[in-house]
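For reference, the chains in residue letters:
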Amino acid sequence: MGWGDERSRALLDALLTGSDVPGLARRAAAALDLPEHGRYAVVVLTAGEESGGSGAGPERRGPGGDGVGGVGDRAGAGSDAGSDAGGPLPGAGAPDGLRFFWRAEVDRETGVVALGDRSLDELTALLRAGGTGPGGVGPVAEGLSGLAPARRLAEVALLTCAPGTAEIARLDERLPAALMVCQPELSARLVEEVFGPVLALSPAERTLLLMTLEAWIDCGGSAGLAAAQLYCHRNTVLNRLRRLERLTSRALSRPRELMELTLALDALRLVPGAGAEEVPEGAEPGA
C-alpha cells in the first residue's frame, strides 16, 4: 500500500489527534506496516525556510499540494527519493532502524518515528546534525495508541525553543521550561514577582544583569567560565550577580531561591508577554 493512499493518511492523522475509534491502532499498524505495540516518538518541526535540513538528517518532502509528508524508510534503503511518496532517510549519519512518517501543515511538520531499538538520544542527534530545527521531541510512546499524547508533548517541547534559534528540544530535558510555557499567567506572575525591580531598570542595565545570570547558570555556576563567555572579568560577573541578588532579594546560594530565578528567567525568555521585553539572543554586553 503506497503512502499516497488516503486511508493510510487518514489513519495516521487519527492516531496523532487521538480519535476514539475502536481498533484504530490495529488497523493503522496493518495499513502502515508498523508494529502496533512498538516504540515510537513524535517530532514537531517549525515549517519554513528556517527548518531546511542540511542533508544529514531525515529528509522531509511532501507531494505537490496535498500537504502530506513522505515516509523515510530504513537508512540506506533504496526508496525513490524523487517520487511524491517522499524521500528516504539519508544513509549518511542516519542510524539504521529509524523510519519516519511525515505530515505537513501550514506552519509545522509532524513526524512519527518508528524507533525500533534506537533511543531518543540517537533520534535527537540525527535531527540536530541535520539542522532541521527548531523542533520538539516528545517522550517515547509505547505503541501507536500513545501517539496523540506524544504529539501534544512534542508541541510543548517546541515551545521551549528560544526565539530565533534552530535547536531541537527534547521534552524530558526541558521539563521546568515546559511548565512555564504551559502556564503563561503563572509565568508572568513569577517574572513580575522575581524580576520586577530588575525590569524597572533601563533596557541596557537589565539586559546586562539577565544575560550574566543566564551565562552563569549555563556555565554551571562558574563565574570564571561565565566571564569568558561574556568577554569580561570574573569580578565583573560576581559584581553583577551580587547586584541581581540585591534587586531580587534572592540569593544564588539558596537552592529554592535559585530555582525561582532560573524558572523566572525561562519564563521571561519563552512566554510571550512575561516581562517588559525579551532578553536578546547572542548579544555581547562586554565588560
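Scroll up to find the structure.
The present account deals with the structure reproduced in this document. Every value quoted in this text rests on a predicted model; they were computed, and no experiment measured them.

## Digging into the packing of helix α7 (residues 203-218) against helix α8 (residues 223-230)
Okay, so step 1: α8 packs onto α7 with a crossing angle of 125° between their chain directions and a minimal axis gap of 8 Å. Here α7 is positioned oblique relative to α8, judged by the angle of their axes. Every pair of crossing elements has a handedness; the one defined by α7 and α8 is right-handed. Contacts from Met211, Thr212, Ala215 and Trp216 in α7 reach Ala223, Ala226, Gln229 and Leu230 in α8.

## Focus: the packing of aromatic side chains
Okay, so step 1: For the structure on display, the rule yields 1 aromatic pair.
Okay, so step 2: With centroids separated by 5.8 Å and ring planes inclined at 15°, the aromatic side chains of phenylalanine 100 and tryptophan 102 adopt a geometry described as stacked.
Okay, so step 3: Overall, phenylalanine 100 belongs to the buried group, its relative accessible area being 1%.
Okay, so step 4: Assessed through its relative accessible area of 0%, tryptophan 102 is described here as buried.

## Notes on the pattern of salt bridges
Okay, so step 1: In the structure shown here, the tally under the stated rule is 17 salt bridges.
Okay, so step 2: Salt-bridge contacts for arginine 170 lead to aspartate 121; the nearest nitrogen and oxygen are separated by 2.3 Å. With arginine 170 in strand β7 (residues 168-170) and aspartate 121 in helix α3 (residues 120-129), this pair connects stretches of sequence that are 49 residues apart.
Okay, so step 3: Among the residues examined, arginine 170 registers a relative accessible area of 9% and is labelled buried.
Okay, so step 4: Linking arginine 250 and glutamate 260 is a salt bridge whose minimum nitrogen-to-oxygen distance equals 2.6 Å. Within this pair, whereas arginine 250 is found in the loop between α9 (234-248) and α10 (255-270), its partner glutamate 260 is found in helix α10, the two being separated by 10 residues in sequence.
Okay, so step 5: For arginine 250, a relative accessible area of 13% gives the class buried.
Okay, so step 6: Taken together, the shared-partner salt bridges connect Asp121, Arg128, Arg170, Asp172 and Glu173 into one network.

## Here's the deal with the pairing of strand β4 (residues 108-114)
Okay, so step 1: With respect to burial, β4 is a largely interior element, 6 of its 7 residues being buried.
Okay, so step 2: Summarising the sheet, strand β1 (residues 39-46) and β4 pair through 7 bridges and their orientation is antiparallel. Of the residues in β4, the one forming a bridge with threonine 46 is arginine 108.
Okay, so step 3: Across 6 bridges, the pairing between strand β3 (residues 99-104) and β4 is antiparallel. What sits directly across from alanine 104, in β4, is glutamate 109.
Okay, so step 4: Hairpin connection between β3 and β4: a loop of 3 residues separates the two successive antiparallel strands.

Conventions we followed
- Residues numbered from 1 in each chain as written.
- Predicted model: local features only at pLDDT ≥ 70, side-chain atom pairs only at ≥ 80, totals over all residues.
- Heavy atoms only, no water.
- Axes fitted to C-alpha atoms, helices over the stretch in contact; angles between N-to-C directions.
- Helix = DSSP H or I, 4+ residues; strand = E, 2+ residues; numbered from the N terminus.
- Parallel < 35°, antiparallel > 145°, perpendicular 65-115°, else oblique.
- Left-handed = near helix turned anticlockwise from the far one by under 90°.
- Contact = heavy atoms within 4.5 Å.
- Phe/Tyr/Trp six-rings, centres within 6.5 Å; stacked < 30°, edge-to-face > 60°.
- Buried < 20%, exposed > 50% of the residue type's maximum accessible area, 1.4 Å probe, protein only.
- Salt bridge = Lys/Arg side-chain N within 4 Å of Asp/Glu carboxyl O.
- Pairing = 2+ DSSP bridges.

Just distances and angles here, no functional claims.
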